[in-house]
Amino acid sequence: PDWSENKYVTINLDLVDGEINSEWADFVGLFQNKTFVFLSSELNENFQKSKIEDFIKTLSQENTYKVFEYSSNIELGKLLSYSVCFITSDSPLYMISTYCGCHTFLLNSGEDLRNKGTQFFVGKLRHFDKTDPAYSQSLNFNYDKIFDELYEFIDSRIKDVVDD
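All of these numbers come straight from a predicted model, not from anything done at the bench.

Draft legend 1. Region of interest: the environment of Ala134. Among the structural elements, Ala134 can be located in the loop between strand E8 (125-129) and strand E9 (136-137). A residue is classified by how much of its surface remains accessible, and Ala134, at 30% relative accessible area, is partly exposed. Taking the C-alpha atoms as reference points, Ala134 and Ile146, separated by twelve residues in sequence, lie 9.3 Å from one another.

Structural data, given as structure tokens:
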């Protein structure tokens, strides 16, 4: 597929008890007329498409949704090179994303990022740390606060792209 044709947000859907985290349905419900591309690096390749399609059926139809079946880092790099941003939980895919120049948001549950080399990559990395009281509550992420920041970024970035 030609990923350069429309502006989109890419989300690596994390799992909670083997199911796609329902918080993402709340997040995409904040938007209208946006395109989201979903993948899940935590799902087995054989089940990615069907699980994500089932998830999409539960979402507001005010947006456009696409499924990216993750099996190749090269194809992922092509996808992320044109993405407005990449949102992921604990996954090494954030390194590929920043290397490809994509603005990346990482929901980090405990990885020590001081030893990672993303500061030398083209893309910017914004991480939300579960140990940061500003973005956590009861040892979990404070999704409302994180989603506010993500919403502001996506909304302003897509407007900037349209104004070009």
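Draft legend 2. Molecular detail of the pairing of strand E7 (residues 104-108). Judged by how many residues are buried, E7 sits mostly within the fold: five of five residues are covered. With four bridges joining them, strand E6 (residues 85-89) and E7 adopt parallel strand pairing. Bridged to Ile87 within E7 is Phe105. A crossover connection joins E6 to the parallel E7 through helix H4 (residues 93-99); in handedness this β-α-β unit is right-handed. Bridge count for E7 against E8 is five bridges, and the pairing is parallel. Across the sheet, residue Leu106 finds its bridge partner in E8, namely His127.

Draft legend 3. Quick peek at unusual backbone geometry. With phi around 55 degrees, Asp17 is a residue other than glycine that occupies positive phi space. Within the secondary structure, Asp17 is located in the loop between strand E2 (15-16) and strand E3 (19-20). Positive phi values are uncommon outside glycine, yet Asn33 reaches one of about 55 degrees.

Draft legend 4. View of the sheet that holds E8. Across the sheet, which stays open at both edges, the six strands sit in the order E5-E4-E1-E6-E7-E8 with parallel pairing between neighbours. The open sheet has two edge strands with one neighbour each: strand E5 (64-67) and E8. Across the sheet, the mean angle separating the axes of adjacent strands is 20 degrees when strand polarity is ignored. Pairing geometry for strand E4 (residues 35-39) and E5, over four bridges, is parallel. If you follow Phe38 over to E5, its bridge partner there is Val67. Together, E4 and E5 form the strand contacts of helix H2 (residues 48-56), whose direction differs from that of E5 by roughly 170 degrees.

Rules of the game
- Residues numbered from 1 in each chain as written.
- Predicted model: local features only at pLDDT ≥ 70, side-chain atom pairs only at ≥ 80, totals over all residues.
- Heavy atoms only, no water.
- Helix = DSSP H or I, 4+ residues; strand = E, 2+ residues; numbered from the N terminus.
- Buried < 20%, exposed > 50% of the residue type's maximum accessible area, 1.4 Å probe, protein only.
- Pairing = 2+ DSSP bridges.
- Right-handed = clockwise from strand over helix to strand, strands pointing away.
- Axes fitted to C-alpha atoms, helices over the stretch in contact; angles between N-to-C directions.
- Contact = heavy atoms within 4.5 Å.

So far we have only geometry, and geometry alone does not tell us how the molecule works.
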